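Okay, here's what each chain looks like letter by letter:
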Amino acid sequence: MARTKTPEPKPAACQVCKGTGEVSRTVQVGRRRRTVGKQTGFCLNCLGSGEAPAE
């Protein structure tokens, strides 16, 4: 009988972005640094892949 292949385990999700690959940052303007909204960008921990980096 042939062996059945076990599926490869899924990589762990990044803890910073929760696996989405994007994080939100507050945007501040002016001398008093007023908060005007939020801006999304890719996660610098996993570089947008959503997978936890190997340590």
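Residues numbered from 1 in each chain as written. Predicted model: local features only at pLDDT ≥ 70, side-chain atom pairs only at ≥ 80, totals over all residues. Heavy atoms only, no water.

Engineer: Just to check I follow, could you spell out the overall build of the chain for this structure?
Structural biologist: Of regular secondary structure, the chain possesses zero helices and two strands. In summary, the chain has a C-alpha radius of gyration of 19 Å against a globular reference of 10 Å for 55 residues, an excess of more than 25%. Classification of the 55 residues of the chain by burial places 11% in the buried group. Expressed as a percentage of contacts within the chain between residues at least 6 apart in sequence, the contacts between residues at least 24 apart total 38%. In the chain, 10 side chains carry a positive charge and 4 a negative one; their mean positions are 16 Å apart. (Helix = DSSP H or I, 4+ residues; strand = E, 2+ residues; numbered from the N terminus. Rg over C-alpha atoms; globule rule 2.2 N^0.38 Å. Buried < 20%, exposed > 50% of the residue type's maximum accessible area, 1.4 Å probe, protein only. Contact = heavy atoms within 4.5 Å. Lys, Arg positive; Asp, Glu negative; His and termini not counted. Charge placed at Lys NZ, Arg CZ, Asp CG, Glu CD.)

Engineer: Mind showing me how you'd approach a nonpolar patch on the surface here?
Structural biologist: Nonpolar side chains collect at one region of the surface, where F42, L44 and L47 lie side by side and expose about 390 Å² of accessible area between them. On the secondary structure map, L47 appears in the segment after β2 (34-42). Residue class for L47 comes out exposed when judged on its relative accessible area of 62%. (Patch = residues over 30% accessible without salt bridge, like charges linked within 9 Å, V, L, I, M, F, W, Y side chains within 5 Å. Areas by Shrake-Rupley, 256 points an atom, 1.4 Å probe, with all protein chains shown as cover. Salt bridge = Lys/Arg side-chain N within 4 Å of Asp/Glu carboxyl O.)

Engineer: Looking at this structure, how should I read the pairing of β2?
Structural biologist: Two faces make up the sheet, and in a regular strand the side chains alternate between them. In terms of residue burial, β2 counts as a barely covered element, since only zero of its nine residues are buried. Sheet topology places strand β1 (residues 22-29) next to β2; eight bridges connect them, and they run antiparallel. Considered in β2, the bridge of E22 is made with F42. Between β1 and β2, which follow one another and run antiparallel, lie four residues, and G30 among them has a positive phi close to 85°. (Pairing = 2+ DSSP bridges.)

Engineer: What is the right way to read unusual backbone geometry from this model?
Structural biologist: The general pattern is negative phi for most residues beyond glycine and trans for most peptide bonds. Not every positive phi belongs to a glycine, and R33 is a case in point at roughly 60°. Mapped onto the secondary structure, R33 falls in the loop between β1 and β2. Unusually for a residue other than glycine, L47 sits at a positive phi of about 60°.

Engineer: It is not clear to me how the state of the cysteines should be interpreted in this structure. Could you clarify?
Structural biologist: Applying the stated rule across the entire model yields zero disulfides. Free of any disulfide, C14 has its nearest neighbouring cysteine sulfur in C17, separated by 3.8 Å. Not engaged in a disulfide, the cysteine C43 finds its nearest cysteine sulfur in C46; these two sulfurs lie 3.8 Å apart. (Disulfide = S-S within 2.5 Å.)

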